[in-house]
Amino acid sequence: MSAVPPVLARWMARQRWYQAKGAEPAVRIVGTLEGETTGVRVTTFLLIDEAGTEPLLYQVPVSFRSEALPGADGALIGEADGLFLYDAPHDPAYVDLLLSAISSAGRLDGADAHATGHPSADPGTRVSSHVFAGEQSNTSIVVEVDGSVVPQTIVKLFRLVHHGENPDVTLQTGISAAGSDRVPRSFGVLTGSWPDTGRADGVAVGHLAAVQEFLPGSEDAWRVALRAAAAGEDFTAKAADLGEAVAEVHETLAAVFPTVPTAPADIADAVALMRSRLAMAVAEVPGLADHLEAIDAVYERAAHAEWPAQQRVHGDLHLGQVLWTQARGWVVIDFEGEPLRPMSERSRPDIALRDVAGMLRSFDYVAGSLGQEDGAGAAGASAWAVEGRDAFIDGYQRRSGADLAAHRDVLDAFELDKAVYETLYEVRNRPTWLGIPLAAVARLAGPTNA
Ligand SMILES: Nc1ncnc2c1ncn2[C@@H]1O[C@H](COP(=O)(O)OP(=O)(O)O)[C@@H](O)[C@H]1O
Ligand SMILES: O=P(O)(O)O[C@H]1O[C@H](CO)[C@@H](O[C@H]2O[C@H](CO)[C@@H](O)[C@H](O)[C@H]2O)[C@H](O)[C@H]1O
């Protein structure tokens, strides 16, 4: 297989999605997908990078042009063999290839990749496209389309790929196919395969991209909530609606995917995972050390409680994962699960209370982030968060019929586990925010909960 163009490896190191920050990529090609349209060749490289602590597989589509693409200087990777190499999501030729492969349930040649079109939805043809500007761990392309039931779609291209399902694709597509409008409508998926000597059959198969409806004018719940809290506005009606929306998503997930009773061994496993996560976090977050016993007592109580049945869940639910739209109210996105959790764990049935706990933590984050900015406003923001949490729980119970008080010990443990996860997330990504989950750990593990 040909070598990675050196200019491409150097460019990768500067991308936001590149994980081994600061290191020089050590990449080799494991597969390629080829396509050509209007004289532009597009190669999607599947590259293993061994520069970090573990090998990671990246998807890197590159377009090769004989002349510069006007207006795309920022997407120029470099020049090689007399050709201009572009970050293909910025190149209309790539978007055309991707959409046509998906709409025809066709193939991109040269590697074993195929697109699976959603039976009830045509992604249409591109009128124009641009790469989504928001902060993202993947790369999304917003496309104005013709020939579809929606005017705009968004193509989410997974930069890190792996064998097996990507829950973001499976869950979102499953909920959409069930007719729910609590998620954006799904229009199709691109799946690829590549050689993998570590597997018995020598082949790995995984999700590469997914196309869904773009919701124009939407705003994520984090921003909506932050603005309301800063202004001291009543958010309880919206929080209750949010609780109902989450319950509805859980109901659809339980109808579409298998549910399994939670056996004592499952409880023991789940609590063991909480404990191992705590051990990992304490190694990087010294501030947790004072609370170890108290945290463990909360986990121990959950270990002896009765747990609800298991089902597929969102897995990393927080306010930033929900969009507010005038037409449909709350719409849930990004079912990829927690980025710090191994993918194999994220694809298993879990306890829906994990999502409830995630959202409860998010209300606390609103108060925490406002408190950081304005110490004087902290008390007001805390009261706002408590009201928001209560209203969210009311809405969730109303729609699901669940009695969360009956599962208090389990919910407490999930909330604490999420706060522990957040300390690790913050110390690695946003150290100035560490105080928010640390304060929550102290409170959740503290005397009132001991
Ligand atoms: N269907 C959609 N319609 C409108 N905006 C969207 C849609 N999907 C994602 N977005 C926007 O893109 C952002 C990132 O999307 P997300 O799926 O969370 O990507 P990532 O997993 O890479 O973070 C969201 O916060 C939202 O602002
Ligand atoms: O959105 P991602 O899947 O990348 O989730 C990760 O990043 C989130 C931050 O962007 C992080 O969420 C934490 O911060 C939020 C405020 O920015 C807050 O609303 C969440 O409650 C809090 O957990 C998430 O934990 C992490 O997995």
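If you're wondering where the values come from, they're calculated on a predicted model, not measured in any experiment. (Residues numbered from 1 in each chain as written. Chains lettered and ligands numbered in written order. Predicted model: local features only at pLDDT ≥ 70, side-chain atom pairs only at ≥ 80, totals over all residues. Heavy atoms only, no water.)

A. Structural view of the site of ligand 1. Taken together, 17 residues lie near ligand 1, and Lys156, Gln212, Glu213, Leu215 and Asp334 sit nearest. Interatomic distance of 2.8 Å between a backbone N/O atom of Leu215 and a nitrogen atom of ligand 1. Relative to its free-state accessible area of 550 Å², ligand 1 is covered by the protein chains to the extent of 86%. When contributions to the shell around ligand 1 are tallied by element, the ones reaching two or more residues are β10 (152–157) and β12 (203–213). Class assignment for the residues of the shell around ligand 1 results in seven nonpolar, six polar and four charged. Here the shell around ligand 1 gathers at least three residues from each of two domains, domain 1 (3–213) and domain 2 (219–445). (Near = heavy atom within 4 Å. Polar contact = N/O pair within 3.5 Å; in protein donor to acceptor, adjacent residues only side chain to side chain. Areas by Shrake-Rupley, 256 points an atom, 1.4 Å probe, with all protein chains shown as cover. Helix = DSSP H or I, 4+ residues; strand = E, 2+ residues; numbered from the N terminus. Nonpolar A, V, L, I, M, F, W, Y, C, P; charged D, E, K, R; others polar. Domains from an automatic or database assignment.)

B. Broad picture of the UniProt feature "domain: Maltokinase N-terminal cap" (unreviewed entry) in the protein chain. In the numbering adopted here, UniProt assigns the feature "domain: Maltokinase N-terminal cap" (unreviewed entry) to residues 11–91. End C-alpha atoms of residues 11–91 are separated by 17 Å, and the span's content is 2% helix alongside 51% strand. (UniProt positions renumbered as here; feature names shortened; annotations may be inferred.)

C. Representation of helix α11 (residues 408–429) in the model. Here α11 spans 31 Å end to end across 22 residues, near enough to the 32 Å set by a 1.5 Å rise per residue. With 16 of its 22 residues buried, α11 lies for the most part within the structure. (Expected span 1.5 Å × (residues − 1). Buried < 20%, exposed > 50% of the residue type's maximum accessible area, 1.4 Å probe, protein only.)

D. Structural detail: the UniProt feature "domain: Aminoglycoside phosphotransferase" (unreviewed entry) in the protein chain. UniProt tags residues 206–365 as "domain: Aminoglycoside phosphotransferase" (unreviewed entry). The span residues 206–365 shows a helical share of 51% and a strand share of 11%, and its end C-alpha atoms are spaced 34 Å apart.

E. Layout of the sheet that holds β10. The seven strands are arranged β6-β7-β11-β12-β10-β9-β8 in an open sheet whose pairing can be described as antiparallel. Looking along the sheet, the strands with just one partner apiece sit at the ends: β6 (107–108) and β8 (125–131). Relative to β12, β10 runs antiparallel, the two sharing five bridges. Bridging across to β12, Ile154 finds its partner in Gln212. Running over the sheet, helix α3 (residues 167–177) touches β10, β11 (186–195) and β12 and is turned about 150° from β11. (Pairing = 2+ DSSP bridges. Contact = heavy atoms within 4.5 Å. Axes fitted to C-alpha atoms, helices over the stretch in contact; angles between N-to-C directions.)

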